[in-house]
Amino acid sequence: MQLEALRDFTELAQRHADQWYRAALRIVLDHASAQDCVQDASIKMWSNWSSFRGDAQRSTWAYRFVVNEALSAKRRIRPVATTDPAELAGVPDSPYFEADAVLTALYAAVAQLPEQQRLVFQFRYFDELPYTDIAHILGTSQGGLKANYHHAVAKIKKTMVGLNLDLHSES
Amino acid sequence: MNLSTEPHKRRDGIHVPDDFAAQLAERATRAAVAAKQRRTRIRRLTWTATAVAAVFAGVLLSVRPDSVPTIDSSMQLSVEEAWTALEQGDVTLSDDELLELAELHGITSL
């Protein structure tokens, strides 16, 4: 039983480690911190493995640990609002991040959003997650998420006017 | 769920190489398993220590009544003997102790 669980956990990590890293990196904006978040979240996942109730898929359940860990880490790293222009730009500091001017501008626009709108936008636009999954990850209603996404897209569009970036908006 | 295993379109500009992802997964898995084993070991040690302490306390409590030092009556000093020792200058007492002893001995004047 324990061996089977360990096999499942290992497989989950192998399949989703890159996505966990990307989600963590977009929140903490730092390569090393993102790796730490993935590791710390994995520790919590494994120690809570048997408490999974099955009300969402395992991968959604696991993703929630990563997001919560990254949000906690961000608050630990930057407990107060930063005035650093680089951080205000909201661009990840990682060897695996590449962005052109438009994507950089998009990150800067996303960085200006309130946390909930920023997260919803990232999960929906970058990860293309369905609202049902985002609702499980953030523990909020789908209606609220849709409203947040709508507001986020409107604000980003306003910021990005003239850059001709197609955000594939939806309501 | 669509936390997919399919190749990402990488709209976010983060391109994670496969070898890095594999290393990350391995490190995370190993850390998680080690942390749980450590917690289990600590819990086991705590239980063992608690059990040992409980047994020791039990043994101590059961043994204690017999091991409490008792006063051998042949070694007890009578008031008369104490007074004699005092009169012979073998012991010195404070005024209060002297008065208490005199009172016990029925002596009204020193």
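Keep in mind that what you see is a predicted model, and the values were worked out from it rather than measured. The residue count restarts for each chain, going from 1 along the sequence in the order it is written. Here the convention is simple: chains get letters from A, ligands get numbers from 1, in the order in which they are written. Whole-chain, interface and lining totals are the exception, using all residues; otherwise, since this is a predicted model, local features are given only for residues with pLDDT of at least 70 and side-chain atom pairs are given and counted only at 80 or more. With hydrogens and water set aside, each side-chain value is computed from the structure's full complement of heavy atoms.

## Quick look at the overall build of chain B
And step 1. Only runs of H or I of at least four residues qualify as helices and only runs of E of at least two qualify as strands under DSSP, and these elements are numbered from the N terminus. Looking only at helices and strands, one finds 3 helices and 0 strands in chain B.
And step 2. Helices and strands appear in chain B in the N-to-C order α-α-α.
And step 3. Buried residues in chain B amount to 21% of all 110 residues.
And step 4. Computed with a 1.4 Å probe, the accessible areas rest on the Shrake-Rupley method; for each residue, only the protein chains presented here act as cover. Here chain B displays about 8500 Å² of accessible surface, and carbon together with sulfur accounts for 57% of that area. With a 1.4 Å probe rolled over the protein chains alone, any residue whose accessible area is under 20% of its type maximum counts as buried; one over 50% counts as exposed, and the rest are partly exposed.

## So, the interface of chain B and chain A
And step 1. The interface of chain B with chain A comprises 28 residues on the first partner and 40 residues on the second.
And step 2. Between chain B and chain A lies a buried interface of about 3200 Å² when both sides are counted; carbon and sulfur atoms form 63% of it.
And step 3. Salt bridge, as used here, is a side-chain nitrogen of Lys or Arg placed within 4 Å of a carboxyl oxygen of Asp or Glu. Linking chain B to chain A there are 2 salt bridges.
And step 4. Put simply, Asp12 of chain B and Arg26 of chain A hold a salt bridge, and the shortest N to O gap is 2.7 Å.
And step 5. Under this definition, polar contacts are N or O atom pairs within 3.5 Å; protein pairs additionally need one hydrogen-donor-capable and one acceptor-capable atom, and for neighbouring residues in sequence, both atoms have to be side-chain atoms. At the junction of chain B with chain A, the criterion picks out 7 residue pairs in polar contact (both at pLDDT 80 or more). Residues are treated as being in contact if the distance between any of their heavy atoms lies within 4.5 Å. Two parts placed together each lose some accessible area under a 1.4 Å probe, and adding up what both lose gives the buried area.

## Considering the environment of Ala82 of chain B
All names here are of chain B.
And step 1. Relative to the helices and strands, Ala82 is located in helix H2 (residues 79–87).
And step 2. Placed 19 residues apart in sequence, Ala82 and Leu101 show a C-alpha to C-alpha distance of 8.3 Å.
And step 3. Those residues in contact with Ala82, other than ones at most four positions away along the chain, are Leu77 and Leu101.

## Notes on a negative patch on the surface
And step 1. The patches described consist of residues with a relative accessible area above 30% and no salt bridge, like charges being joined within 9 Å and nonpolar side chains (Val, Leu, Ile, Met, Phe, Trp, Tyr) within 5 Å. Under this rule, positive means Lys or Arg and negative means Asp or Glu; His and the chain ends count for nothing. Where a charge sits is defined by one atom per residue type, namely NZ (Lys), CZ (Arg), CG (Asp) or CD (Glu). On the surface, a cluster of negative charge is made up of Asp95, Asp96, Glu97, Glu100 and Glu103 of chain B.
And step 2. Among the residues examined, Asp96 of chain B registers a relative accessible area of 60% and is labelled exposed.

## Digging into the confidence of the model for chain B
Residue and element names in this part refer to chain B.
And step 1. The predictor reports its confidence for every residue as pLDDT, a score running from 0 up to 100. Here chain B averages 76 in pLDDT, while 75% of its residues score no lower than 70.
And step 2. Confidence, expressed as mean pLDDT per element, reaches its minimum in chain B at H2 with 74 and its maximum at helix H1 (residues 18–67) with 82.
And step 3. Overall, residues 4–9 carries pLDDT values under 50, and its contacts beyond four positions in sequence, including any with other chains, amount to 7 contacts.
And step 4. The complex model carries a pTM of 0.69, and its ipTM stands at 0.81.

## Topic: the packing of aromatic side chains
Residue and element names in this part refer to chain A.
And step 1. Stacked, tilted and edge-to-face are the three classes applied to pairs of Phe, Tyr and Trp rings, where Trp contributes its six-membered ring and a pair requires centres within 6.5 Å; stacked means planes under 30 degrees apart, edge-to-face means over 60, and tilted covers the rest. Considering all chains together, one arrives at 17 aromatic pairs over all chains under this definition.
And step 2. Their ring planes at 70° and their centres at 6.3 Å tell us that Tyr21 and Tyr96 sit as a pair that is edge-to-face. You can see Tyr21 sitting in helix H1 (residues 2–28) and its partner Tyr96 sitting in the loop between helix H4 (85–88) and helix H5 (101–111), a full 75 residues away along the chain.
And step 3. Overall, the relative accessible area of 0% leaves Tyr21 in the buried class.
And step 4. A ring pair is formed by Trp46 and Trp49, whose centres lie 6.0 Å apart and whose planes are at 55°; its orientation type is tilted.
And step 5. Remark: a charge is flagged as sitting over a ring if the NZ atom of Lys or the CZ atom of Arg is within 6 Å of the ring centre and within 35 degrees of the ring normal. Directly above the aromatic system of Trp49 lies the positively charged group of Arg58, at a separation of 3.5 Å from the ring centroid.
And step 6. Its guanidinium or amino end placed over the ring of Tyr131, Arg124 lies 4.8 Å from that ring's centre, counting from NZ or CZ.

## Details of the packing of helix H7 (residues 131–138) of chain A against helix H8 (residues 142–160) of chain A
Residue and element names in this part refer to chain A.
And step 1. Running from N to C, H7 and H8 point in directions that differ by 105°, and their axes come no closer than 9 Å. Comparing their axes, H8 and H7 come out roughly perpendicular. Facing H7, whose interface residues are Tyr131, Thr132, Ile134, Ala135 and Leu138, H8 presents Gln142, Leu145, Lys146 and Tyr149.
And step 2. Here the contact of H7 with H8 is composed, by residue class, of 6 nonpolar, 2 polar and 1 charged. All axes here are fitted lines through C-alpha atoms, helices being fitted over the stretch that makes contact, and every angle between N-to-C directions spans 0 to 180 degrees. Here roughly perpendicular refers to angles of 65 to 115 degrees, roughly parallel to angles under 35, roughly antiparallel to angles over 145, and oblique to all remaining angles. Amino acids are sorted into nonpolar (Ala, Val, Leu, Ile, Met, Phe, Trp, Tyr, Cys and Pro), charged (Asp, Glu, Lys and Arg) and polar (every other residue, Gly among them).

## Here's the deal with the packing of H1 of chain A against helix H6 (residues 115–126) of chain A
Residues and elements named next belong to chain A.
And step 1. Here H1 crosses H6 at 145°, and the two axes come no closer than 11 Å. The crossing of H1 and H6 is right-handed. From H1, Arg22, Arg26 and Ile27 reach across to H6, where they touch Leu119, Gln122, Phe123 and Phe126.
And step 2. Per-class residue counts for the contact of H1 with H6 are 4 nonpolar, 1 polar and 2 charged. For any helix crossing, the convention is left-handed if the near helix is rotated counterclockwise from the far helix by under a right angle, and right-handed if that rotation is clockwise.

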